[in-house]
Amino acid sequence: MDPNRFTKLSDTAWQLEPTGKMRVPAILYASEALLREMDDKVAEQATNVATLPGIVQASYAMPDAHWGYGFPIGGVAAFDADAGGVVSAGGVGFDVSCGVRTLHTGLTREAIEKIKPALADALFESIPAGLGSTGYIHLRDHQMTEMLAGGAVWAVQQGYGEAADLERIEEHGRMAGADPHAVSEQARKRQRNEMGTLGSGNHYLEVQHVTEIYDPAVAKVFGLAVGQVVVSIHCGSRGLGHQIGTEFLREMAVAANRHGIELPDRELACAPIRSELGERYLGAMRSAINCALANRQILTHLTRRVFAKVLPEARLDLLYDVSHNTCKVETHSIDGSPRQLYVHRKGATRAFGPGHPDLPDALRPVGQPVLIGGSMGTASYILVGTNEGERLSFNSACHGAGRAMSRHAATRQWRGRALVDELAGRGILIRSPSLRGVAEEAPGAYKDVSEVVKATHQAGLARMVARVEPLVCIKG
DNA sequence: ATGTTC
């Protein structure tokens, strides 16, 4: 889009002044090059969000923002319940609590290279991946209720993982305020056999090696050094989150008139935070957050079992687990006073700065790890939250590369087999149940995550700590 | 993203 439409706040911050029904400005964070490439729809959608009741400070878009359902993917907006604020299912997204977790292995790249194909095969054998994939866990209804209330804490109680994992997960592994009874029978049914599965699309499990350190002091606290091997898992709440999103979008669209909310776009469907529907959505959405946390925890357990067999000297300790599709109640300083806000992050990663009370003791001095997944076969990045991020974006950063091309267009341009062979030639082993899925996820179909991360760093939303590159990728 | 169009 045309940079001349904006008030330029800095080299990486672009503001649209409030006009018409906008209650606050819209601010897009991006380099000029990323802004020029960005779809005009991002500005239109960020502007639409700025009209919603109770919005505080500004409607934001991250450097990887693109056109989404109602809200842009890469959108951040905070609402004050006392000022008539709303909660929006489209402001969270369908894949509730989709996110990334990264585990140390204690191994170096050399140790992996020797048995890389065997490791890839063993992971592919053990990690259920792909559309409609089912796992070896089958939940009865009361177990489902316990999982939806307990998240990764429940998973650890069931024997999936270790208690020490929990402090390295947002919300310490369990999202408070979940209401499993607000989750429909249909959503429960879809999830019954899907715990501990990766799913499809851009979801993956990767074995990666650290190739660059940008901030040695923070990297040391994070336990990262060049040549070390880590495992990253990117997935979400599977069918359950999607079903909840679908049901509440419909219900919120129907109820908007009743709540006296005027919507510039029907897809912005929302409900007052202080309404029966708003509270019910929050209870269901928080249950879906717990589902995603439990899912990544079970996948961690499966991954540890594979390493125990193939590379028994490995020790998989959790660095951190982030979610990038959520609405969370947080206290932020607004004009010098603390206010409790409902922060929507849709395709945006929480990025708490140094000293934040919610961080574990070991990480609090430096800030929260911000895990940014690249596309298949490309680099990923580990950043750290900043204090200035609170003023800039309610402590939010980008979440990934973002598509540059539709899935359909990608399958016309690339063949899965050729991509797998090409990546294997560069030492990156892909294992996937779907060659078509691989073609849809071709690296060329995504924006350059490096440019997104650089802009995020330059804007001060989060700071670059390390780059990792893939060795093995289990692709959904 | 998604029992890939209830």
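Calculation criteria
Residues numbered from 1 in each chain as written. Chains lettered and ligands numbered in written order. Predicted model: local features only at pLDDT ≥ 70, side-chain atom pairs only at ≥ 80, totals over all residues. Heavy atoms only, no water. Helix = DSSP H or I, 4+ residues; strand = E, 2+ residues; numbered from the N terminus. Contact = heavy atoms within 4.5 Å. Buried < 20%, exposed > 50% of the residue type's maximum accessible area, 1.4 Å probe, protein only. Arc of directions from axis to C-beta. Disulfide = S-S within 2.5 Å. Axes fitted to C-alpha atoms, helices over the stretch in contact; angles between N-to-C directions. Left-handed = near helix turned anticlockwise from the far one by under 90°. Nonpolar A, V, L, I, M, F, W, Y, C, P; charged D, E, K, R; others polar. Pairing = 2+ DSSP bridges. UniProt positions renumbered as here; feature names shortened; annotations may be inferred. Polar contact = N/O pair within 3.5 Å; in protein donor to acceptor, adjacent residues only side chain to side chain. Near = heavy atom within 4 Å. Phe/Tyr/Trp six-rings, centres within 6.5 Å; stacked < 30°, edge-to-face > 60°.

(A) The arrangement of the environment of Val231 in detail. Mapped onto the elements, Val231 comes out in strand 9 (residues 228-235). Among all residues touching Val231, those that are not within four sequence positions of it are Arg101, Thr102, Leu103, Thr105, Leu205, Glu206, Val207, Thr303 and Phe307.

(B) Summary view of helix 12 (residues 416-425). Taken as a whole, helix 12 has its buried residues at Gly416, Leu419, Val420 and Leu423. In a view along the axis of helix 12, the buried residues occupy a sector of 100 degrees, so they form one face of it. Turning to helix 12, the residues buried within the fold contact strand 18 (429-431) and helix 13 (435-440). After helix 12 finishes, the residue Gly427 shows a positive phi value of roughly 85 degrees.

(C) Here's a closer look at the state of the cysteines. Summed over the entire model, instances satisfying the criterion amount to zero disulfides. Cys473 forms no disulfide, and the closest cysteine sulfur to it belongs to Cys235, at a distance of 13 Å.

(D) How the structure looks around the packing of helix 4 (residues 116-126) against helix 9 (residues 276-310). Running from N to C, helix 4 and helix 9 point in directions that differ by 145 degrees, and their axes come no closer than 10 Å. Between helix 4 and helix 9 lies a crossing whose hand is right-handed. On the side of helix 4, the interface is formed by Leu119, Ala122, Leu123 and Ser126, while helix 9 contributes Leu302, Thr303, Val306, Phe307 and Val310. Each residue belonging to the contact of helix 4 with helix 9 can be placed in one class, and the counts come to seven nonpolar, two polar and no charged.

(E) Just the sheet that holds strand 5 (residues 73-79), in detail. If you trace the seven strands from one edge of the open sheet to the other, you get 1-2-3-4-5-13-12, paired in mixed fashion. Of all strands in the sheet, those bounded by a partner on one side alone are strand 1 (7-10) and strand 12 (325-334). The average undirected angle you get between the axes of adjacent strands in this sheet is 25 degrees. Across three bridges, the pairing between strand 1 and strand 2 (residues 13-16) is antiparallel. Residue pairing across strands places Lys8 opposite Trp14, the latter belonging to strand 2. Its contacts with the sheet place helix 2 (residues 40-49) against strand 2, strand 3 (26-29), strand 4 (59-66) and strand 5, and it is angled at close to 155 degrees to strand 4.

(F) Structural view of the UniProt feature "active site" (unreviewed entry) in chain A. As annotated in UniProt, the feature "active site" (unreviewed entry) corresponds to His399 in the numbering used here. The residue His399 is located in the loop between strand 17 (396-397) and helix 11 (407-413) in this model. Among the residues examined, His399 registers a relative accessible area of 13% and is labelled buried. His399 has contacts with Asp64, Ile73, His324, Gly347, Ala348, Thr349, Ile372 and Gly373, leaving out every residue within four places of it along the chain. For His399, the side chain forms a polar contact with the side chain of Asp64, separated by 2.7 Å.

(G) The protein's contact with DNA strand B, seen in detail. What surrounds DNA strand B is a group of 15 residues, the closest being Leu131, Gln186, Arg190, Ser200 and Asn202. In DNA strand B, atoms within 4 Å of the protein come from the sugar-phosphate backbone in 50% of cases. In the environment of DNA strand B, a base oxygen lies 2.2 Å from a nitrogen or oxygen atom belonging to the side chain of Gln186. Take Ser200: an N or O atom from its main chain is 2.7 Å from a phosphate oxygen of DNA strand B. Among the elements of the structure, helix 6 (185-191) and helix 8 (238-255) are those that each provide at least two residues to the surface near DNA strand B. Per-element accounting of the surface near DNA strand B gives the leading share, three residues, to helix 8.

(H) View of the packing of aromatic side chains. By the definition in use, this model includes five aromatic pairs. Ring geometry for Tyr69 and Phe94: centres 6.0 Å apart, planes at 80 degrees, overall edge-to-face. Of this pair, Tyr69 sits in the loop between strand 4 and strand 5 while Phe94 sits in the loop between strand 6 (86-88) and strand 7 (99-108), and the two are 25 residues apart along the sequence. Of the residues examined, Phe94 reaches a relative accessible area of 29% and is grouped as partly exposed. Among the aromatic residues, those joined into a cluster by ring pairs are Tyr29, Tyr60 and Phe394.

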